[in-house]
Amino acid sequence: MSLSGSTKFRRAFSSSSQFRYDKCALPKNFNAKDSILSRLCEDNKFEEAIDVLCREKRVKEAVELLHRIDRPSARIYSTLIAACVRHRALLEGRRVHAHTKASNFVPGIFISNRLLDLYSKCGSLVDAQVLFDEMGDRDLCSWNTMIAGYAKVGRLEEARKLFDEMPHRDNFSWNAAISGYVSHGRPRESLELFRMMQKHESSNTNKFTLSSALAASAAIPCLRVGKEIHGYLIRTGLNLDEVVWSALLDLYGKCGSLDEARGIFDQMANRDVISWTTMIHRCFEDGRREEGFSLFRNLMGSGIRPNEYTFAGVLNACADPAAEHLGKEVHGYMIRIGYDPCSFAVSALVHLYSKCGNTESARRVFNQMPQPHLVSWTSLIVGYAQNGQPDKALQFFELLLQSGTQPDEITFVGVLSACTHAGLVDKGLEYFHSIKEKHGLMHTADHYACVIDLLARSGRFKEAENIIDNMPINPDKFLWASLLGGCRIHGNLELAKRAAEALFEIEPENPATYITLANIYANAGLWAEVANVRKAMGNRGIVKKPGKSWIEIKKQVHVFLVGDTSHPKISDIHEFLAELSKKMKEEGYVPDTNFVLHDVEEEQKEQNLFYHSEKLAVAFGIISTPPGTPIKVFKNLRTCVDCHTAMKYISKIVQRKIILRDSNRFHCFEDGSCSCIDYW
């Protein structure tokens, strides 16, 4: 080594105390017992020693040996850089690069490209760009490495500039640019580039680029373009692999063409867990629940192990219609095959049981998690709030804070809901203000809707109006609906009109607003106003959504509509209700006809209440199950005041726990009382 080269070499490595210049000394990290390495170093066979160290993944020690070699060969530089790439050893790679400069080694294009690859894969694009600019000769690999590096991290302008400047392009060039746009949420630009490729270099289109173009079509979504690409695949007879099949499946699923997606799925020779999961989730999203569950059962019998996303999707589908027994089956399967207690699937289990009113099971699953996710904490808090256990909801929120977990906006929706259902107005206001002042979060529309619900239910309308008039965002339909609900409870006609008018502007076709307003007028005896509301509904073609309740008996779901006479056991149900009505009145029950819309005789109003869907479902559950069996009924609408009162009497008379899940929350009736403490 020349004097000047030696000086440069020493300067390049002088910042590191790990490099020594005594040729008799081994690097300090060497294992003294390593006889092979020791012998190689004693014999000055440093390149062979570097090969051994690279094979043993001891990259740092291998790089340290560079100072022992007077003139390292191109092969040894290449070996070291390749090892640095494999192990993403950026610091060691920089030292090798510095050594090439200090030793006056002139790297060829192959070694320069390897260094570009190292910097790109390690995310050091500044180093990569400097090297790229210094390179006298560049080939396709040089350009492609830089484009792929920029595209990977979302620096698409730099990637596109290089793409436009490069003298020649190959499939990798096009795919790197096209997939970069897709990966970073710019699918339209991806398709524009794909069309350019077809126009200028259509013969080079391959399955990787086509998969990216399909992904872009799905992201927009644009079924027409996706079908054009699918047609091209068929015409050219490309050998499709799992990636292309999955892209086609995703395209048709996201574009709402589920039958075509299922056709693609059925044609796939080799389905992986991602394909299964995608198809199953698409079925659930499209409302084809039975098909989704059937596919999941087929997956379980296929020998392919479902992943946490598969389980989470299926469990969430079970939670939506409160199909708890199906969720329990999935839970049992998870236990049999084993699952990660920290996975998303466990959070989905907590959500399932919470939404189905089974807070005990939700708590057991939660307790098995070593480090619960925020999603799990939130699901449990919301579950307790909706199931009439606000004290536990708030208790777990405090435990969440103590655990060091930072709550998010959704967590506070559960906390405020717990306060609302318990009538904890001041406590709820304290939590509401803490969202911004203590936790540094922004108030969302849901937070405002919750706090208005809290105030309106308690009749504190002045405070509610003050918040509405001063909130920095526009009130949404949920806020106005909460205010209207509070007006219904307290008979506030003037404020009810304001809330209803706002709702008519936001969603004029929603029948719930008309019905609630008519109920308020009916309770005030303003039958002319009731008639005007009903006339407005008729003029706009708005029909009240029929009340529907359902109950599961022996894994069969029985559905009842208001006034339903179609059920095979309807005669037995009516007979039982008639007997039950007598006993209820003997206990002091008085039908609450205040919210019956029709201006008819009191006896007819009682008859109308008698056939509400939840009463029919509960009666059927009682006569179809052994004494003492809990009854669980679900309803698509909010339960009425009379049915809520009646359920308390029924639970006491028949000595049953009756769980009623309406559109708002769970009510657990037992021995004449409800878990909501009549605050709902």
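Residues numbered from 1 in each chain as written. Predicted model: local features only at pLDDT ≥ 70, side-chain atom pairs only at ≥ 80, totals over all residues. Heavy atoms only, no water.

1. Some remarks on the overall build of the protein
Part 1 of the argument: From N to C terminus, the protein includes 36 helices and six strands.
Part 2 of the argument: Relative to a compact globule of 680 residues, whose C-alpha radius of gyration would be 26 Å, the protein shows 35 Å and is clearly more extended.
Part 3 of the argument: Along the three orthogonal principal directions, the C-alpha set of the protein runs to about 110 × 60 × 55 Å.
Part 4 of the argument: For the protein, the residues scored as buried account for 49% of the 680 residues in total.
Part 5 of the argument: A separation threshold of at least 6 residues defines the contact pool for the protein, and within that pool the share at least 24 residues apart is 63%.
Part 6 of the argument: Accessible surface, the protein: about 32400 Å² in total, of which carbon and sulfur atoms supply 50%.
Part 7 of the argument: Across the protein, the 84 positively charged side chains and the 82 negatively charged ones have centroids separated by 5 Å. (Helix = DSSP H or I, 4+ residues; strand = E, 2+ residues; numbered from the N terminus. Rg over C-alpha atoms; globule rule 2.2 N^0.38 Å. Buried < 20%, exposed > 50% of the residue type's maximum accessible area, 1.4 Å probe, protein only. Contact = heavy atoms within 4.5 Å. Areas by Shrake-Rupley, 256 points an atom, 1.4 Å probe, with all protein chains shown as cover. Lys, Arg positive; Asp, Glu negative; His and termini not counted. Charge placed at Lys NZ, Arg CZ, Asp CG, Glu CD.)

2. Some words on the packing of aromatic side chains
The relative placement of two aromatic rings is captured by the distance of their centres and the angle of their planes.
Part 1 of the argument: Tallied over the entire structure, the rule returns 21 aromatic pairs.
Part 2 of the argument: Geometrically, the ring pair formed by Trp 550 and Phe 634 is stacked, given 6.1 Å between the ring centres and 20° between the ring planes. Note that Trp 550 is positioned in strand S1 (residues 548-553) and Phe 634 in strand S3 (residues 631-635), a separation of 84 residues in sequence.
Part 3 of the argument: A residue is classified by how much of its surface remains accessible, and Trp 550, at 21% relative accessible area, is partly exposed. (Phe/Tyr/Trp six-rings, centres within 6.5 Å; stacked < 30°, edge-to-face > 60°.)

3. Focus on the packing of helix H26 (residues 425-437) against helix H27 (residues 445-457)
Part 1 of the argument: One way to put it is that H26 packs onto H27 with a least axis distance of 10 Å and a crossing angle of 160°. Classified by the angle their axes make, H26 and H27 are roughly antiparallel. As H26 runs across H27, the sense of the crossing is left-handed. Where H26 approaches H27, its residues Val 425, Gly 428, Leu 429, Phe 432 and Ile 435 are matched on the opposing element by His 447, Tyr 448, Val 451, Leu 454 and Leu 455.
Part 2 of the argument: The class makeup of the residues in the contact of H26 with H27 is eight nonpolar, two polar and no charged. (Axes fitted to C-alpha atoms, helices over the stretch in contact; angles between N-to-C directions. Parallel < 35°, antiparallel > 145°, perpendicular 65-115°, else oblique. Left-handed = near helix turned anticlockwise from the far one by under 90°. Nonpolar A, V, L, I, M, F, W, Y, C, P; charged D, E, K, R; others polar.)

4. Quick notes on the confidence of the model for the protein
Part 1 of the argument: Taken over all residues, the pLDDT of the protein has a mean of 88, while the share at 70 or more is 92%.
Part 2 of the argument: Of the regions scoring below 50 in pLDDT, residues 1-25 engages in 35 contacts with residues more than four places distant in sequence or in other chains.
Part 3 of the argument: Confidence drops under a pLDDT of 50 for residues 597-604, and excluding neighbours within four residues, the segment shows 13 contacts in the predicted structure. (pLDDT = per-residue confidence, 0-100.)

5. Comments concerning unusual backbone geometry
Part 1 of the argument: With omega at -15°, the peptide bond leading from Ile 220 into Pro 221 counts as cis.
Part 2 of the argument: For Lys 57, which is not glycine, the phi dihedral falls at a positive 65°.
Part 3 of the argument: The residue Lys 57 is located in the loop between helix H3 (46-55) and helix H4 (59-64) in this model.
Part 4 of the argument: Even without being a glycine, Gln 655 presents a positive backbone phi close to 55°.
Part 5 of the argument: Relative to the elements of secondary structure, Gln 655 occurs in the loop between helix H36 (641-654) and strand S4 (658-661).

6. Describing the pairing of strand S2 (residues 556-561)
Part 1 of the argument: Relative to S2, S1 is paired through six bridges, and the arrangement is antiparallel. When the bridges of S2 are listed, Ile 553 appears paired with Gln 556.
Part 2 of the argument: Connecting S1 to the antiparallel partner S2 that follows it, the hairpin turn spans two residues, and Lys 554 within it adopts a positive phi of roughly 55°. (Pairing = 2+ DSSP bridges.)

7. Points about the side chain of Ser 482
Part 1 of the argument: Looking at where Ser 482 falls in the secondary structure, it is placed in helix H29 (residues 477-490).
Part 2 of the argument: Discounting chain neighbours no more than four positions away, the residues touching Ser 482 are Ala 449, Asp 453 and Ala 456.

8. Points about helix H28 (residues 461-470)
Part 1 of the argument: Residues Phe 461, Ala 464, Ile 467 and Ile 468 constitute the buried set of H28. Buried residues of H28, seen end-on, are gathered within an arc of 125° and therefore sit on one face of the element. Facing away from the buried side of H28 by over 90 degrees, the exposed positions are Lys 462 and Asn 470.
Part 2 of the argument: Close packing links the buried residues of H28 with H27, H29 and helix H30 (493-506). (Arc of directions from axis to C-beta.)

9. Some remarks on the side chain of Glu 324
Part 1 of the argument: Among the secondary structure elements, Glu 324 is positioned in helix H20 (residues 324-337).
Part 2 of the argument: For Glu 324, a relative accessible area of 11% corresponds to the buried category.
Part 3 of the argument: A distance of 2.8 Å separates polar atoms of two side chains, one belonging to Glu 324 and the other to Lys 632.
Part 4 of the argument: Contact partners of Glu 324, with chain neighbours within four places excluded, come to Tyr 353, Cys 356, Asn 358 and Lys 632. (Polar contact = N/O pair within 3.5 Å; in protein donor to acceptor, adjacent residues only side chain to side chain.)

10. Topic: helix H11 (residues 171-183)
Part 1 of the argument: With 13 residues, H11 should cover 18 Å at 1.5 Å per step; its first-to-last C-alpha distance of 18 Å lies within 8% of that length.
Part 2 of the argument: Turning to H11, its buried residues number three or more, namely Ser 173, Trp 174, Asn 175, Ala 176, Ala 177, Ile 178, Gly 180, Tyr 181 and Val 182.
Part 3 of the argument: Regarding H11, its N-cap is Asp 170, as a side-chain oxygen of that residue lies 3.1 Å from the backbone nitrogen of Phe 172 further along. (Expected span 1.5 Å × (residues − 1).)

11. Some thoughts on the pattern of salt bridges
Part 1 of the argument: Considering all chains together, one arrives at 35 salt bridges under this definition.
Part 2 of the argument: Where Glu 465 meets Arg 498, a salt bridge forms, and the shortest distance between an N and an O atom there is 3.3 Å. Of the two residues, Glu 465 sits in helix H28 while Arg 498 sits in helix H30, which places them 33 residues apart along the sequence.
Part 3 of the argument: Using a relative accessible area of 30% as the deciding quantity, one classes Arg 498 as partly exposed.
Part 4 of the argument: A salt bridge links Glu 494 to Lys 497; the nearest nitrogen and oxygen atoms lie 3.8 Å apart. Pair noted here: Glu 494 and Lys 497 are both in helix H30, with a separation of three residues, about one helical turn.
Part 5 of the argument: We classify Glu 494 as exposed; its relative accessible area is 57%.
Part 6 of the argument: A single salt-bridge network, built from bridges that share partners, covers Asp 259, Arg 262, Asp 266, Arg 288 and Glu 291. (Salt bridge = Lys/Arg side-chain N within 4 Å of Asp/Glu carboxyl O.)

12. Let's talk about the sheet that holds S2
Part 1 of the argument: In space, the six strands of this open sheet follow the order S2-S1-S3-S4-S5-S6, with mixed pairing throughout. Only two strands of the sheet have a single partner each, and these edge strands are S2 and strand S6 (673-674).
Part 2 of the argument: Both S3 and S4 contribute to a ladder of four bridges, which runs parallel. Considered in S4, the bridge of Lys 632 is made with Ile 659.
Part 3 of the argument: Contacting S4, strand S5 (666-670) and S6, H36 crosses the sheet at an angle of about 35° to S5.

13. Focus: the packing of H27 against H28
Helix-helix packing is described using two parameters, namely the angle between the two axes and the distance between the axes.
Part 1 of the argument: For the pair H27 and H28, the least separation of the axes is 8 Å and the interaxial angle reads 160°. By the angle between their directions, the pair H27 and H28 is classed as roughly antiparallel. The crossing of H27 and H28 is left-handed. Contacts from Tyr 448, Val 451, Ile 452, Leu 455 and Ala 456 of H27 reach H28 at Phe 461, Glu 463, Ala 464, Ile 467 and Ile 468.
Part 2 of the argument: Within the contact of H27 with H28, the residues separate by chemical class into nine nonpolar, no polar and one charged.

14. Structural notes on the pairing of S3
Part 1 of the argument: Within S3, four of the five residues are buried, which leaves it mostly tucked inside the rest of the structure.
Part 2 of the argument: As defined by bridge partners, S1 adjoins S3 across three bridges and the pair is classed as antiparallel. Across the sheet, Ile 551 pairs through a bridge with Val 633, a residue of S3.
Part 3 of the argument: The β-α-β motif built from S3, the intervening H36 and the parallel element S4 has right-handed crossover chirality. (Right-handed = clockwise from strand over helix to strand, strands pointing away.)

15. Quick notes on the environment of Met 537
Part 1 of the argument: Mapped onto the fold, Met 537 is located in helix H32 (residues 527-539).
Part 2 of the argument: The sequence separation of Met 537 and Ile 515 amounts to 22 residues, and the corresponding C-alpha distance is 9.3 Å.
Part 3 of the argument: Not counting the four nearest positions on each side in its chain, Met 537 is found in contact with Pro 511, Tyr 514, Ile 515, Ile 542, Val 543 and Lys 544.

16. Focus on the environment of Arg 58
Part 1 of the argument: Its location among the elements puts Arg 58 in the loop between H3 and H4.
Part 2 of the argument: Along the sequence, Arg 58 and Met 334 sit 276 residues apart, while their C-alpha atoms lie 40 Å from each other.

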